[in-house]
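Listed below, chain by chain, are the residues.
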Amino acid sequence: MPTLKFAVLAGDYIGPEVMTEALRVLEHVAKQEGLTLAYTRADVGGAGIDNHGKALPDSTLKICSESDAILFGSVGGPKWEKLPPKEQPERAALLPLRKHFTLFANIRPGLLYRELADASPLKSERIPDGIDIVCIRELTGGLYFGLPKETTTLPDGDIQAVDTMVYRKSEIERITVTAIAAARSRKKKLCSVDKANVLETSVLWRKTVSEYVAKHAPDIELSHMYADNAAMQLARNPNQFDVFVTENMFGDILSDEMAVICGSLGMLSSASLGAGKNSLGLPFGLFEPAGGTAPDIAGKGIANPCAQILSVALMLRFSFGLEKTATRIEAAVKKAVTSGVRTGDIAFGKPSVGTKAMADAIIANLG
Ligand code: NAD
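Let us look at the structure shown here. (Residues numbered from 1 in each chain as written. Predicted model: local features only at pLDDT ≥ 70, side-chain atom pairs only at ≥ 80, totals over all residues. Heavy atoms only, no water.)

### Quick look at the pattern of salt bridges
So, point 1. As enumerated under the stated definition, the model contains 20 salt bridges in all.
So, point 2. Across the salt bridge formed by R184 and D219, the nearest N and O atoms sit 2.8 Å from each other. In this pair, R184 sits in helix α5 (residues 169-184) while D219 sits in the loop between α6 (200-216) and β9 (221-226), placing the two residues 35 residues apart along the sequence.
So, point 3. Look at R184 and you get partly exposed, because its relative accessible area is 39%.
So, point 4. By relative accessible area, D219 is classed as partly exposed at 32%. (Salt bridge = Lys/Arg side-chain N within 4 Å of Asp/Glu carboxyl O. Helix = DSSP H or I, 4+ residues; strand = E, 2+ residues; numbered from the N terminus. Buried < 20%, exposed > 50% of the residue type's maximum accessible area, 1.4 Å probe, protein only.)

### As for the side chain of R317
So, point 1. Among the structural elements, R317 can be located in helix α9 (residues 306-318).
So, point 2. Polar side-chain contacts of R317 include one of 2.8 Å to the side chain of E330.
So, point 3. In contact with R317, not counting residues within four places along its chain, are L322, E323, A326, T327 and E330. (Polar contact = N/O pair within 3.5 Å; in protein donor to acceptor, adjacent residues only side chain to side chain. Contact = heavy atoms within 4.5 Å.)

### Here's the deal with the packing of aromatic side chains
So, point 1. Evaluated as defined, the whole model comprises 6 aromatic pairs.
So, point 2. Ring geometry for F6 and F320: centres 6.5 Å apart, planes at 65°, overall edge-to-face. Taken together, the positions of F6 in strand β1 (residues 3-11) and F320 in the loop between α9 and α10 (323-338) put the pair 314 residues apart, joining distant regions of the chain. Exposure class is identical for F6 and F320. Each is buried.
So, point 3. Judged by centre distance (5.9 Å) and plane angle (80°), the rings of Y13 and W80 are edge-to-face. Taken together, the residues span a long stretch of sequence, with Y13 in the loop between β1 and α1 (14-33) and W80 in the loop between β3 (69-74) and α4 (89-100) at a distance of 67 residues. (Phe/Tyr/Trp six-rings, centres within 6.5 Å; stacked < 30°, edge-to-face > 60°.)

Following this line, the structure appears as structure tokens:
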């Protein structure tokens, strides 16, 4: 049976709390299925700053490079907020990790179980069956990385700032490949989101996605939507989407909107897949909860571990090719939550359990 070699970067505040439970679930599954776990823990974010003087210590990067995947918690918090922006844990750890491993494809499931519909700010009649969609965001191109990116003082004394939105056809094609794979594993429906009415990059985006899908994935039903309309449609009727794919900035905004309509951040996981393959010939990836370090509830043992546990499932699916095991974990989480075992963030005033008890219920469902 395969050995799962991965780096564990728990991070700060609730990061280590939910990571402990996610690893407990994984160890249980590994024992059942005869999988060998070979993971190495390393400091990142605030823990990196405190223990090594920087948010992404060289030793941590080395451990990641020697692994087949990264299981990430979350980083940052009030303790390090006074540092200059460039040294802040999120910026100085996550962005370099994305860059170093060319993590270009961010896959975010937008999942809200029917039983948790009350957690969504949307009226429940709009989402009678909950929400089940996927956002694929291009993560290493576009406005956030394009050059020039600068602020200058003009000859007339005015000040001008410029960001550059730039995309290559090859970058659009590789994210389209990811989107096609996601669509194929679901309803074979893909919506590409752009602003082809005003942006050159979007014109290239739309043309490239259309041509690539027509040539390589004629089985996929492709549609296009402008980003402003997509923001509206997500709030009106999110389930009209199945998988949507979009560039970096639109994806940043739309995936956050998706997280809000899906209720608690404690339930949402994400995968960022790299251009490179791991030693198993599968995509190297970083897998993490969608939320942050939740300093307001850290240390109380009440954080919801589900997002971190679901991130483990994504890691097993994408970087280790263990689809069945991933599905088992996802089913166990769903069964626990829908049967009424809830942490405070999804309990709606009803009795709630702590982080460990939530994981215990999930482990019990795994048999
Ligand atoms: P946050 O996501 O940490 O918290 C927002 C709200 O959601 C809080 O009320 C929190 O208690 C709740 N929440 C989040 N995860 C939860 C969980 N697992 N269980 C129960 N409730 C949960 O966002 P924030 O407060 O804006 O940020 C706090 C820190 O996290 C900041 O330093 C920010 O920079 C950092 N952050 C890190 C990442 C990352 O590491 N990828 C992402 C976002 C924010």
